[in-house]
Amino acid sequence: MWTGFWICSFSTKLLFFTISVVRLPGSNGDLSYTIPEEMKRGAVVGNIAKDLGMDSRGLLSRKARLDLKGTRKRFCDINVQSGEAVIAERIDREELCSSKVSCSLKYELVLEEPLELHQILVQIQDVNDNSPRFSSDEIKLEIHESAVRGTRFPLKEAHDLDVGRNGIQGYSLEKNEHFTLAVHSNADGGKRSELVLDKELDREQEQEVTLLLTATDGGTPPRSGTVPIHVTVLDANDNLPVFSQSVYKASLPENSPLGTVVLTISATDADEGANGEVTYEFSRISDRAARLFTIDKISGEVKVSGPIDFEDETEYEIGVQASDASGLASNAKIFIEITDVNDNAPVIFLKSLKNPVPENMSPGTEIGIINVQDEDSEGDRPVRCTIQPNVPFKLNPSIRNYFSLVTTSELDREQISDYNITITATDDGVTPLSSSKTIKLSVSDVNDNPPVFKHQSYSAYVTENNKPGSSVCSVTARDPDWRQNGTVFYSLLPSEVNGVPVSSYVSINGDTGVIHAVRAFDYEQFRSFKVQVVARDNGSPPLSSNVTVSVFITDENDNSPQILYPTPEGLRTNSFMTEMVPKAALSGSLVSKVIAVDADSGQNAWLSYQIVKSTDPGLFTIGLHSGEIRAQRDISESDSMKQNLVISVKDNGQPSLSTTCAVYLLISDNLAEVPELKDMSYEESNSKLTSYLIIALV
Ligand SMILES: *[C@@H]1O[C@H](CO)[C@@H](O)[C@H](O)[C@H]1NC(C)=O
Ligand SMILES: *[C@@H]1O[C@H](CO)[C@@H](O)[C@H](O)[C@H]1NC(C)=O
Ligand SMILES: *[C@@H]1O[C@H](CO)[C@@H](O)[C@H](O)[C@H]1NC(C)=O
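Residues numbered from 1 in each chain as written. Chains lettered and ligands numbered in written order. Predicted model: local features only at pLDDT ≥ 70, side-chain atom pairs only at ≥ 80, totals over all residues. Heavy atoms only, no water.

**Notes on the overall build of the protein**
Move 1: For the protein, the helix and strand inventory stands at five helices and 56 strands.
Move 2: A total of 698 residues make up the protein; the buried ones form 44% of that total.
Move 3: Relative to all contacts within the protein whose residues are 6 or more apart in sequence, the contacts with residues 24 or more apart total 66%.
Move 4: Only carbon and sulfur atoms are counted for the fraction: they give 50% of the accessible area of the protein, which is about 35,300 Å². (Helix = DSSP H or I, 4+ residues; strand = E, 2+ residues; numbered from the N terminus. Buried < 20%, exposed > 50% of the residue type's maximum accessible area, 1.4 Å probe, protein only. Contact = heavy atoms within 4.5 Å. Areas by Shrake-Rupley, 256 points an atom, 1.4 Å probe, with all protein chains shown as cover.)

This is the structure:
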């Protein structure tokens, strides 16, 4: 335990006060400061961080703050930069604690992450800022001229709102020839005075004596208050009013209705007539109590005249005075204790909240701190705090009436992005009161979903000879994340098709996923290829997935039939091919065969053969699909020896393509009979034939 002292000058009154700090032993670092009331705003109470042995640099990040029990006023704040507690608003000890000798403010220093609480007690010392006051403007006394020397006349007390040394310390009387003053101490430390007759009065000489009574407090410098005493010199004698009790006590439930009689005081005076008529008044009362209680001058009933709130003040101490008509008075005290009624529902304060919370927080993470206060529960009576079911959050009781709000499972923004969390606090009154508070919480996005393609794979069919730039197909991937975390871009995975980069075949629009052909395709070159498309989101780091797009090229009838036999070679080498047909060939015998192919496929390559021109129509036929040339009847002597056929070969495409070829037949058994082949040249053949090739079909 240690104690430090600061001295600060109190500007207007040029007084010196001591601010002291005390570290309370055994109470986990809790502190106590003592400061004078009425310090200026911004004045430093003490360095809390230093006094608790903490580093002030952590205060801001741990959201350090001073909480005063109850919420009406703050009075002090913590400066999170320096760690100092400073005055935030005027502290008037008399307003705060009225006549209580000990006056203090109980703070909690709250730090978060982790939650840490320290009790800080700020004790308010009285400053002599109130002067003694008498309850009336003058004191009237009626004294019989026969009163003997030494007769005493008790006087009304003055009162001073300050306490202790700053309360009333003495009385003095202006110098005069008849009276002196006797000053006595009361049991409670206050002072009262009596006039003492020093020299007998003579009504014939003086009907009235005026004196000045001064009450002085013990402040530095002292303050004082005065009242004139008017003494009327009479012929009668008096008795003092006497209270039935020196102290009256009553207990009053808060919220008692106006007009409720709290208690009745009574004093009796032995005198007869006006001298025995007692009237009552409050002699010392705080401003607050004066707003709540009245006294009936005649009956002595003390009644409620304002709202009684246990949470404002739990007891009142009021001085009362009974006076008789000739101004003799006596004093007593009343204590009114206010009893608590469960009239306050607990109040839920959200001390901190992480909002929004990222969806990937692990279960059990603390996201907020809640404090529940119940003004009825003077100390720390338990308050039950619950959360609505079916939300992934719970409340963990922490220090005192603090609860931490934690997650119970993982959050998924893509499923639920906002929560309304309703917290209900219930006190333990006989008829419990409760209140609830709804906290709005948003879940913020984390890039936890990769783009997902709509289909597991894609197939595209493109007819060959397509236009470069034409679209082939389009792929789509969806990503449920938020904004850039869910924005999808498409690209091609580099690869090769037939040794050529795939990018020279197709390209993809990064935003739309539409795939375009870069060049024209040739079915006869290749019939299909595969492309890998990657969909990537814009998160950091990005997530991606890929899909295979198979591109199938479909055939178009872009190739004419090609004659393999009779070989076109013959044409190129300027030679003809001639088939020999035996003279004895019978009807139906095979004389030759045209062989043709088509580079296309399917119908586009399904060939049919037709004789379009012949020397002797009716002598030869050709198989429609076989290309076989056969004699249609027996060959006779009369048939011409040279027979020429023009054959058309046609595919079945839409539209179809065709080629023609010529077949030269020679009906002969002997090669020697071959005539001038030159004559056989077909008119349509535009070549000048200079050589002959004769092939015998055996
Ligand atoms: C939360 O409450 C507000 C109104 O207070 C309502 O508009 C909103 O739909 C609620 N949200 C959820 C997730 O229940
Ligand atoms: C995207 O996710 C990251 C974490 O993966 C997060 O930090 C960021 O805030 C998210 N963006 C949006 C727009 O929510
Ligand atoms: C494509 O996706 C598969 C599984 O979906 C993954 O194994 C592979 O690594 C991905 N390829 C690239 C290049 O991203």
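**Topic: the pattern of salt bridges**
Move 1: Across all of its chains, the model carries 24 salt bridges by this definition.
Move 2: Across the pair Asp55 and Arg57 runs a salt bridge, and its minimum N-O distance is 2.9 Å.
Move 3: Judged by its relative accessible area of 43%, Asp55 falls in the partly exposed class.
Move 4: Exposure remark for Arg57: the relative accessible area of 71% places this residue in the exposed category. (Salt bridge = Lys/Arg side-chain N within 4 Å of Asp/Glu carboxyl O.)

**So, the sheet that holds strand E7 (residues 84-87)**
Move 1: Ordered in space as E4-E7-E6, the three strands form an open sheet in which the pairing is antiparallel. Every other strand in the sheet has two partners, leaving strand E4 (44-47) and strand E6 (76-79) as the edge strands with one partner each. For this sheet, the mean inter-axis angle between neighbouring strands, taken without regard to orientation, is 25 degrees.
Move 2: As paired strands, E4 and E7 are joined by three bridges and run antiparallel to one another. When the bridges of E7 are listed, Val44 appears paired with Val86. (Pairing = 2+ DSSP bridges. Axes fitted to C-alpha atoms, helices over the stretch in contact; angles between N-to-C directions.)

**Quick notes on empty space enclosed by the protein**
Move 1: Taken as a whole and assessed by the stated rule, the structure comprises two cavities of 30 Å³ or more.
Move 2: Empty space within the second largest cavity amounts to approximately 40 Å³.
Move 3: Lining the second largest cavity, in full, are Glu94, Glu95, Leu96, Cys97, Ser98, Ser286, Arg288, Glu313 and Tyr316.
Move 4: The leading source of residues in the lining of the second largest cavity is helix H3 (residues 93-97), at four residues. (1 Å grid on protein atoms, 1.4 Å probe; cavity = no way out; pocket = protein on both sides within 12 Å on 5 of 7 lines; lining within 4 Å. Points joined across faces, edges and corners; volume = space filled by probe spheres on them.)

**Quick notes on the pairing of strand E34 (residues 418-426)**
Move 1: Two elements, strand E31 (residues 384-387) and E34, share four bridges in a ladder whose sense is antiparallel. Following the sheet pairing, Thr386 is matched in E34 by Thr424.
Move 2: As defined by bridge partners, E34 adjoins strand E35 (residues 434-444) across nine bridges and the pair is classed as antiparallel. Considered in E35, the bridge of Ile423 is made with Lys437.

**Quick look at the site of ligand 1**
Move 1: Around ligand 1, the neighbouring residues are Asp418, Asn420 and Lys440.
Move 2: Here an oxygen atom of ligand 1 and a side-chain polar atom of Asn420 are 2.3 Å apart.
Move 3: With the chains in place, 28% of the 360 Å² that ligand 1 exposes on its own is no longer accessible. (Near = heavy atom within 4 Å. Polar contact = N/O pair within 3.5 Å; in protein donor to acceptor, adjacent residues only side chain to side chain.)

**Digging into the state of the cysteines**
Each disulfide is one covalent bond, formed between the sulfur atoms of two cysteines.
Move 1: Scanning the model with the defined rule gives one disulfide in all.
Move 2: Two residues, Cys97 and Cys103, share a disulfide whose sulfurs are 1.9 Å apart. Torsion about the S-S bond of the Cys97 and Cys103 cystine: about 65 degrees, corresponding to right-handed handedness. (Disulfide = S-S within 2.5 Å.)

**Here's the deal with the packing of aromatic side chains**
Move 1: One pass over the full model with this rule turns up 13 aromatic pairs.
Move 2: Residues Phe243 and Tyr280 carry aromatic rings whose centres are separated by 6.4 Å and whose planes lie at 45 degrees to one another, so their mutual orientation is tilted. Of the two residues, Phe243 sits in strand E19 (residues 241-243) while Tyr280 sits in strand E23 (residues 279-284), which places them 37 residues apart along the sequence. The two residues Phe243 and Tyr280 agree in class, both being buried.
Move 3: When the centroid spacing of 5.2 Å and the interplanar angle of 20 degrees are considered together, the rings of Tyr461 and Phe552 count as stacked. With Tyr461 in strand E37 (residues 457-463) and Phe552 in strand E46 (residues 544-554), the pair connects residues that are 91 residues apart, well separated along the chain.
Move 4: Judged by its relative accessible area of 58%, Tyr461 is exposed. (Phe/Tyr/Trp six-rings, centres within 6.5 Å; stacked < 30°, edge-to-face > 60°.)

**As for the nonpolar core**
Move 1: Counting 30 residues, the largest nonpolar core has Ile48, Leu66, Tyr107 and Ile120 as its most contacted members.
Move 2: Only strand E3 (31-36), helix H1 (48-51), strand E5 (65-68), E6, E7, strand E8 (104-111) and strand E9 (116-125) provide two or more residues apiece to this core.
Move 3: When residues of this core are assigned to their parent elements, the largest contribution, four residues, is made by E8.
Move 4: Among residues more than four places away in sequence, those in contact with Leu66 are Ile48, Arg74, Cys76, Asp77, Ile78, Ala85, Tyr107, Glu108, Leu109 and Ile120.
Move 5: Listed in part, the 29 residues of the second largest apolar core include Tyr458, Val462, Tyr490 and Ile508. (Core = buried A, V, L, I, M, F, W, Y, C linked by side-chain atoms within 4.5 Å.)

**With respect to the sheet that holds strand E18 (residues 224-234)**
Move 1: Here we have four strands laid out as an open sheet, ordered E11-E18-E17-E14, and mixed in their pairing. This sheet does not close on itself; its edge strands, each paired only once, are strand E11 (139-144) and strand E14 (168-173). Here the average twist between neighbouring strands, direction ignored, is 25 degrees.
Move 2: Note that strand E17 (residues 208-217) and E18 share nine bridges and pair antiparallel. Within E18, the residue paired with Thr214 across the bridge is Thr226.

**What about the site of ligand 2?**
Move 1: In the vicinity of ligand 2, the residues found are Asp445, Val446, Asn447, Trp482, Arg483, Gln484 and Asn485.
Move 2: In this structure, Asn485 approaches ligand 2 through a side-chain N or O atom, which is 2.3 Å from an oxygen atom.
Move 3: The protein chains hide 58% of the 360 Å² of surface that ligand 2 would expose on its own.

**Quick notes on the layout of surface pockets**
Move 1: Estimated volume of the second largest pocket: approximately 1,200 Å³.
Move 2: Taken together, the elements giving at least two residues each to the lining of the second largest pocket come down to strand E13 (158-159), E14, strand E16 (191-197), E23, strand E26 (315-323) and strand E27 (329-339).
Move 3: In terms of residues, the lining of the second largest pocket owes the most to one element, E27, which gives six residues.
Move 4: In the lining of the second largest pocket, the residues fall into 20 nonpolar, 16 polar and 12 charged. (Nonpolar A, V, L, I, M, F, W, Y, C, P; charged D, E, K, R; others polar.)

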